[in-house]
Amino acid sequence: MNVLKFGGTSVANDQNIKKVIEIISKKAQKGKLAVVVSAFSGVTDLLLLASKTAATKDLNYKNIQQQIQEKHYEVVENLIEATKKQEVITLLNTEFNQLQTLLDGCFLLGELTPKTLDRILSFGELLSSQIIAVAVQKEILLTAFKDSRDIIKTNANFGKATVDFKITNELISTFFKSKETNITVFPGFIASSINGNTTTLGRGGSDYTAALLAAALHAATLEIWTDVNGMYTANPKIVKQAQPIATITYQEAMELSHFGAKVLYPPTIQPVLDLNIPIWIKNTFEPDALGTYISNQSKSNGNPIKGISHIESIALITVEGSGMIGVSGSSKRLFETLSNHNVNVIFITQASSEHSICIGIQNQDAQLAKLAIDTTFEIEIAQHKIEACIVEEDLCIVALVGENMKNHQGLSGKMFSTLGKNNVNIRAIAQGASERNISVVIAKKDVRKALNTLHERFFEDNTKQLNLFVMGVGNVGEKFIDQIYQQKKFLKENLKLNVRVIALSNSRKMYFDSEGIALKEWKTCLNEGENANITSFITQVKALNYRNSIFVDITANSEVATIYGQFLKENIAVVTCNKIAASSEYENYKLLKNLSRKYNAPFLFETNVGAGLPIIDTLKHLIASGDKVHKIQAVLSGSLNFIFNNFSENYSFHDVVKEAGVQGFTEPDPKIDLSGIDVARKIVILIRESGYKMEIEDIKNNSFLPEECMNTTTNEAFFASLIKYNAHFENLLVQAKEKNSRLKFVASFENGKASVGLEFIPVESPFYNLEGKDNIVQFYTDRYVDQPLLIKGAGAGAAVTASGIFADVIRIGNV
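These figures come from a predicted structure and were not determined experimentally. In this convention, every chain numbers its residues from 1, walking through the sequence in written order. A pLDDT threshold of at least 70 governs which residues receive local features in this predicted model, and a stricter bar of 80 or more applies before side-chain atom pairs are shown or counted, although totals over entire chains, interfaces and linings include all residues. To get the side-chain values, all heavy atoms of the structure are used, and hydrogens and water are removed first.

Visitor: Could you give an account of the overall build of the protein chain, with specific residues and numbers?
Guide: Each helix and strand counted, the protein chain has 29 helices and 30 strands in total. Its C-alpha atoms give the protein chain a radius of gyration of 36 Å, clearly above 28 Å, the size a compact globule of 815 residues would have. When the backbone C-alpha atoms are referred to their principal axes, the protein chain occupies close to 115 × 70 × 55 Å. Throughout this description, buried means an accessible area under 20% of the type-specific maximum (1.4 Å probe, protein chains only), exposed means over 50%, and partly exposed covers the range between. Among the 815 residues that make up the protein chain, the fraction classed as buried is 54%. Each helix is a run of H or I in the DSSP string that is no shorter than four residues. Each strand is a run of E no shorter than two, and both are numbered from the N terminus. Computation of the radius of gyration draws on C-alpha atoms alone. For the globule rule, the value is 2.2 Å times the number of residues to the power 0.38.

Encoded structure:
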């Protein structure tokens, strides 16, 4: 004998029921079956809604009842053969008349008792099982229906009745001894009290019905058929990378079920556990999929963690005070009070000092529990020996589960550090002596991030998912996205990094995709996005609350530069090529650095100086290793170097500047580059990263531009002024030739003073042969005294800047 149970989604409609009948037919070829079915999907909820609506004297309950009837009539019309159809409809009409009488009674009395509710809810399974029994008879002649209320007996605790196993087992055995049918179909979820009143076994009780039958019959297996391929390493609706669990022990399955794994109803396991009856969790819609096999043994794959589960809508109640220390019976009084008020305790933790006890309960019980506890301890509270209990709502419990966890050191540490790195605050911790699970209480808003982060850490071969929110998709931004698209496969296979772009924004539009934007069509997606709004962008990033989130600023926008702190405070890393923030007031620079450290959120801006050159990273390593910078000399503007390298008698200054813009070497406003302010920002950043306090106003700017050029307000006016003052620029070129030198815009720092300006570079200088758009930096330090540490290479251009931003993203991924 095998026992099969089919859940609500498996019998949601006539098409699904046909799949169920196919499975039953195949299984019946190997032996007798007991088949337990749930109500059609959504029917139990509709029955509950109709009951509550009627009890509030709202006539809309009649419309809800009509929905229920239509749903069943539709299944009969499409599923039952013509010769049996009228018989089934007559049966349904009888049941619906009884249902209507009960609902009318609720309406007239204006009340809904637990006893009446159980009777109303029982119709879901009674209706579905009788329809399915007739449908199966068409395929398999020896098929019968049996009302579970006749053979499963409970107490009169309506809503969640307790089974009388002795009587139930005797009734089940007696029934099957007298029956010769191959298949018997039972309604799940329902039972009856000793005096014959309908009771229910709690939501998910159809699993329990099947387990009771399996235990009483000493079945070979218990099969739970649902809409997923077994139990998963995490909730696949929240963790997309969740994997089916092939084998698992009874104890592990109970732990996962208790902590929210909805595939299996927790009490299901107990009746079959002692008899060592294995449980299969199978998928009705993929019957050939392996599923999950639950027994007293589990094959190990080397990972001590079997799954990660969670319970939502938790309230944490804390009872604390010196009056609890060393006082016998305090815990007894607390838990006795909760028991007397039917408050289920899900989570318990107590400090060894005995100063406080923390318990986790359902949100809905929080206020009742607080009132009851405060009443119980009112004398101690009045004497200030104990504080009035503290209630924190909207929390979640997250649990790691695994039979072999006790044999592995450091799992708790890995769990806590993984959550900590993603700014998930742990409110309470509990671990049983069996070490089969480690549970933590966290804020509800962090549950998605926590589950994905932990799953990534323990199940995904250490593959780290990076979630990027990109603002700015101009020349550099476009190159950056192209580079991610090209390297995505390489990063995943070689660096174990799964890089997803979740959001894109330019000055006009912004687009979010919680599953990651298809980078091949990112331009189309962005054009179809909503209107760009910085405040809305920030709000949506925070609301998603993804692990390993990175805000990437590829703009030169001063407003965008002011929002970094909002991201860092949310443990969202910031990568930027925008120099404004790091070169702003020193106090703001320090604030951002401090926020980065405090919230463990990297703040990287390598491309602020030298585009893709590893200048800032090298400088950080120097300082971290104990070296001290005394002097910096640098050509830091690739655009200015390109301009002065190409400026000649045959190529006017105006034309060279124009060409630099066309090739993407200058900012959209070229005056930022030519005024020297861009170089001043870069040197101030290097000075600060060297450990010195410096404001941009402290840097002497020896501008080579005439004042009229500096005072222009549009690009058109600026370029016109370059033509007007062409003789001025030609004169600079003449002077350079006379001195056998080349023009370079140099940034310098020494003895606490800094300057930027155009200089005549002699032949012997390493700056002399700096070609194209290259940058060069010389650091003179305690260790590099006579010969400076020199970094040289391309310092401008969309591709190299994008690669520098990309490198910062990868640095974060490798942390």
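Visitor: An account of the sheet that holds strand β14 (residues 356-362) is requested, with residue identities and associated values reported.
Guide: At least two bridges found by DSSP between two strands are what make those strands a pair. On the basis of which strands lie adjacent, the open sheet formed by six strands has the order β13-β14-β12-β15-β17-β16 and antiparallel pairing. Since the sheet does not close on itself, it has two edges, and those belong to β13 (347-350) and β16 (428-431), each with one partner. Within the sheet, the average angular offset between the axes of one strand and its neighbour, ignoring direction, is 30°. As paired strands, strand β12 (residues 307-320) and strand β15 (residues 390-401) are joined by nine bridges and run antiparallel to one another. Bridging across to β15, I311 finds its partner in I397. Note on contacts: a residue pair is in contact if any heavy atoms of the two residues lie within 4.5 Å. The axes are straight lines fitted to the C-alpha atoms, using for helices just the contacting stretch, and the angles between their N-to-C directions are given from 0 to 180°. Against the sheet, helix α13 (residues 411-421) makes contact with β15, β16 and β17 (437-443), and its axis sits at roughly 15° relative to β17, the strand it touches most.

Visitor: Please provide a residue-by-residue account of the nonpolar core, values included.
Guide: For the purposes of this section, nonpolar cores are sets of buried Ala, Val, Leu, Ile, Met, Phe, Trp, Tyr and Cys residues that join through side-chain atoms within 4.5 Å. Residues F537, F551, Y564, F653, L686, F704 and F779 are the most contacted members of the largest nonpolar core, which totals 83 residues. Every residue in contact with F653, bar those within four places of it in the chain, is listed here: I643, F644, F647, L674, F704, L722, N726 and F729. Judged by nonpolar contacts, the second largest core, of 50 residues, contains V20, V88, C106 and A135.

Visitor: Run through the packing of aromatic side chains, naming residues and quoting values.
Guide: The geometry of an aromatic ring pair is captured by two quantities: the separation of the ring centres and the angle between the planes. Only Phe, Tyr and Trp rings are paired, with Trp represented by its six-membered ring, and only when their centres lie within 6.5 Å; those with planes under 30 degrees apart are stacked, over 60 edge-to-face, the remainder tilted. Inspection of every chain in the model, using the stated rule, returns 26 aromatic pairs. Between F603 and F605 the ring centres are 4.9 Å apart and the planes differ by 55°, which places this aromatic pair in the tilted class. A single burial state applies to F603 and to F605, both of which are buried. Taken together, a centroid distance of 6.5 Å and an interplanar angle of 75° make the contact between F704 and F729 edge-to-face. Taken as a pair, F704 in the loop between β26 (700-702) and α26 (707-710) and F729 in helix α28 (residues 726-738) lie far apart in primary sequence, 25 residues in all. F729 matches F704 in its accessibility class, with the two residues each being buried. Pairwise contacts between aromatic rings join F469, F512, F537, F551, Y564, F567, F603 and F605 into one cluster. Remark: a charge is flagged as sitting over a ring if the NZ atom of Lys or the CZ atom of Arg is within 6 Å of the ring centre and within 35 degrees of the ring normal. Over the face of the ring belonging to F719 we find K658, whose NZ or CZ atom lies 4.4 Å from the ring centre.

Visitor: I'd like to hear about helix α29 (residues 798-813), residue by residue, with values.
Guide: In a helix, the anticipated span is given by 1.5 Å times the number of residues less one. The first and last C-alpha atoms of α29 sit 23 Å apart over 16 residues, in line with the 22 Å expected at 1.5 Å per residue. Every buried residue of α29 is accounted for by A798, T801, A802, G804, I805, F806, D808, V809, I810, I812 and G813. Buried positions along α29 lie against β18 (464-471), α15 (475-494), β19 (497-505), β22 (549-553), β23 (573-576) and β24 (603-604).

Visitor: Could you give an account of unusual backbone geometry, with specific residues and numbers?
Guide: Within the chain, N548 stands out as a residue other than glycine whose phi angle is a positive 45°. With respect to the helices and strands, the residue N548 is situated in the loop between α17 (534-544) and β22. The phi dihedral of N600 is positive, around 55°, even though this residue is not glycine. When you line up the elements, N600 lands in the loop between α20 (586-598) and β24. Taking relative accessible area as the criterion, N600 reaches 40% and is therefore assigned partly exposed.

Visitor: Outline the pattern of salt bridges, supporting the account with residue identities and numerical values.
Guide: Only one rule defines a salt bridge in this text: a Lys or Arg side-chain nitrogen within 4 Å of an Asp or Glu carboxyl oxygen. What the rule picks out here adds up to 24 salt bridges. Residues E223 and K27 are paired through a salt bridge, measuring 3.1 Å at the closest nitrogen-oxygen approach. Of this pair, E223 sits in strand β8 (residues 222-226) while K27 sits in helix α1 (residues 14-28), placing them 196 residues apart in sequence. Relative accessible area serves as the criterion here: at 6%, E223 is assigned to the buried category. The residue R688 makes a salt bridge to E695 at a minimum N-O spacing of 3.3 Å. For R688, a relative accessible area of 4% corresponds to the buried category.

Visitor: An account of the side chain of Q65 is requested, with residue identities and associated values reported.
Guide: With respect to the helices, strands and loops of the structure, Q65 is situated in helix α3 (residues 61-79). Relative accessible area serves as the criterion here: at 3%, Q65 is assigned to the buried category.

Visitor: How would you explain the environment of K449 if you had to name every residue and give the values?
Guide: Here K449 lies in helix α14 (residues 447-459). The sequence separation of K449 and Y546 amounts to 97 residues, and the corresponding C-alpha distance is 5.3 Å. Those residues in contact with K449 that sit more than four places away from it in its chain are N422, V424, N545, Y546, R547, E570 and N571. Between N or O atoms, a polar contact is any pair within 3.5 Å; within protein, one atom must be a potential hydrogen donor and the other a potential acceptor, and residues adjacent in sequence are included only when both atoms are from side chains. A polar contact of 3.0 Å, which involves the side chain of K449, links it to the backbone oxygen of N422.

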